[in-house]
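Structural overview
The lines below spell out each chain.
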Amino acid sequence: MEIARDFYLKQLSNVRQNGMIKIITGIRRSGKSYLLFELFTKFLKKEGIDEEHIIKVALDDLHFLELRDPHKMLAYVEQQIKDDSGYYILLDEVQMMNDFVDVLNSFMHIRNVDVYVTGSNSKFLSSDVATEFRGRGHEIHLYPLSFREYYSALGGNHLKRLREYFRLGGIPQLFAYNNDQEKEDFLRSLFKTVYLKDIFERHKIKHKEEFSEVMEVIASSIGSPCNPHKLSATFNSVKGVKIDFKTISKYLEYMEDAFFIEKSQRYSVKGKKYINSLSKYYFQDIGLRNALIDFRQLDEGHIMENVIYNELRSRRYRVDVGIIQRRTTNKKNETIRQNFEVDFVVNRGDVRYYIQAAYTINDYKKEEQETMYLK
């Protein structure tokens, strides 16, 4: 089954031969290798590029183990270049190569190559790495399948597919399984053996159970404003567990580093400034979030909010949580100031949208509640 990722393929097409290193990032198993080695390679061939001019190396493949050595990688690529025509270098999981920044910058000195690479964690794009690229890197972030991509591969009843998507998410490998039980088991195993293990090993986490509890709280809190201080207080009062807010802050950074979650900051709509207090956290794949909490708490309203957030981010919008302050009166007829929330303040360039997310609006009162703060 071929799953179209046309939005990302168009991005790759638009930046061909732009003199920069094209960097495809994204959560593990989101389809980066498939996009680069299958869809983009097929596109290049349709454009008339000879297969011998497409150099592909998957650095997580043992067949290419020795090419993790930077000198051997450079020698290998130079051997593949036989003439002055254009060559495309496609490297998968490039962070597995030692001194990969130096290697990629060296490729840029070869006149007739265009370089594309993938990486699976945000340390691959740390500020230090960006500086070493000297402005030569162009990032394309790949999200798991959107609902539109998911539906395009399966078809059928829209509402049925939407409910499936709300439960299982958009990891492309799901299509290899035949029923929901197999898919749920796959997601549980994937979370524990790949994502969680990857975070533990990369950051040398000692208190694994403590970290897992923080993840579960975040998974149970999508759509709810929180911060490390608030989470620390919750653990102390509700669970009777003392976890310092600084530790929780690090744990959240580790989850973001693995592209597991994203943070959306609060933004004052009238004051036009960020409020450094509470934020919201959303999961880049809702199926993995559900697997984390063993497919409990499948609240359609909160899941809808997460899905909309991912859709907006995949379309390259910046997404904040809006806060509107208004003066109202309480039961004693006293004037008070209240904060009301706009689910998403969405920006790209000079375009701005205000969006309220709701799974259903079944009466006028609900509609008024969702829109009154936007008027």
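Above this text is the structure in question.
Residues numbered from 1 in each chain as written. Predicted model: local features only at pLDDT ≥ 70, side-chain atom pairs only at ≥ 80, totals over all residues. Heavy atoms only, no water.

A few words now on the packing of helix H3 (residues 70-80) against helix H4 (residues 100-107). Where H3 contacts H4, the axes come no closer than 10 Å and their chain directions differ by 25°. Put simply, H3 runs roughly parallel to H4. In terms of crossing hand, the pair formed by H3 and H4 is right-handed. Residues Pro70, Met73, Leu74 and Val77 of H3 form the contact with H4, whose own contacting residues are Val103, Ser106 and Phe107. When grouped by side-chain class, the residues that make up the contact of H3 with H4 number 6 nonpolar, 1 polar and no charged. (Axes fitted to C-alpha atoms, helices over the stretch in contact; angles between N-to-C directions. Helix = DSSP H or I, 4+ residues; strand = E, 2+ residues; numbered from the N terminus. Parallel < 35°, antiparallel > 145°, perpendicular 65-115°, else oblique. Left-handed = near helix turned anticlockwise from the far one by under 90°. Contact = heavy atoms within 4.5 Å. Nonpolar A, V, L, I, M, F, W, Y, C, P; charged D, E, K, R; others polar.)

Turning next to the pairing of strand S3 (residues 87-92). Two faces, one strand: in a regular strand the side chains alternate between the faces of the sheet. The buried fraction of S3 is high, at 6 of 6 residues. Because side chains alternate across S3, one face comprises the buried residues Tyr87, Ile89 and Leu91, and the other comprises Tyr88, Leu90 and Asp92, equally buried. Across 5 bridges, strand S2 (residues 54-58) lies against S3 in parallel orientation. What sits directly across from Ile55, in S3, is Ile89. After leaving S2, the chain enters H3 and then returns to the sheet as S3, a path that is right-handed. With H4 bridging S3 and its parallel neighbour strand S4 (residues 113-119), the resulting β-α-β unit is right-handed. (Buried < 20%, exposed > 50% of the residue type's maximum accessible area, 1.4 Å probe, protein only. Pairing = 2+ DSSP bridges. Right-handed = clockwise from strand over helix to strand, strands pointing away.)

In contact at an axis separation of 12 Å, helix H8 (residues 180-203) and helix H9 (residues 208-219) are set at 115° when each is read in the N-to-C sense. Considering their axes alone, H8 and H9 lie roughly perpendicular with respect to each other. Along this stretch, H8 crosses H9, giving a crossing that reads as right-handed. Residues Phe191, Leu196, Ile199 and Phe200 of H8 touch H9, and the partners they reach there are Lys208, Phe211, Ser212 and Met215. Taken together, the residues that form the contact of H8 with H9 break down as 6 nonpolar, 1 polar and 1 charged.

Turning to a negative patch on the surface, a few remarks are in order. On the surface, a cluster of negative charge is contributed by Glu66, Asp69, Asp99, Asp102 and Glu132. As for its placement among the helices and strands, Asp69 is situated in the loop between S2 and H3. The class of Asp69 is partly exposed, set by a relative accessible area of 31%. (Patch = residues over 30% accessible without salt bridge, like charges linked within 9 Å, V, L, I, M, F, W, Y side chains within 5 Å. Areas by Shrake-Rupley, 256 points an atom, 1.4 Å probe, with all protein chains shown as cover. Salt bridge = Lys/Arg side-chain N within 4 Å of Asp/Glu carboxyl O. Lys, Arg positive; Asp, Glu negative; His and termini not counted. Charge placed at Lys NZ, Arg CZ, Asp CG, Glu CD.)

The strand order across the open sheet formed by 5 strands is S2-S3-S4-S1-S5, and the pairing between neighbours is parallel. The sheet is open, and its two edges are formed by S2 and strand S5 (137-141), each paired on a single side. Strand-to-strand, the axes of this sheet are offset by a mean angle of 15°, without reference to chain direction. One ladder, built from 5 bridges, connects strand S1 (residues 21-25) with S5; its direction is parallel. The partner of Ile24 across the bridge, within S5, is Ile140. Packing against the sheet, H3 makes contact with S2 and S3, and its axis sits at approximately 155° to S2. Running at roughly 160° to S4, H4 makes contact with S1, S3 and S4 of the sheet.

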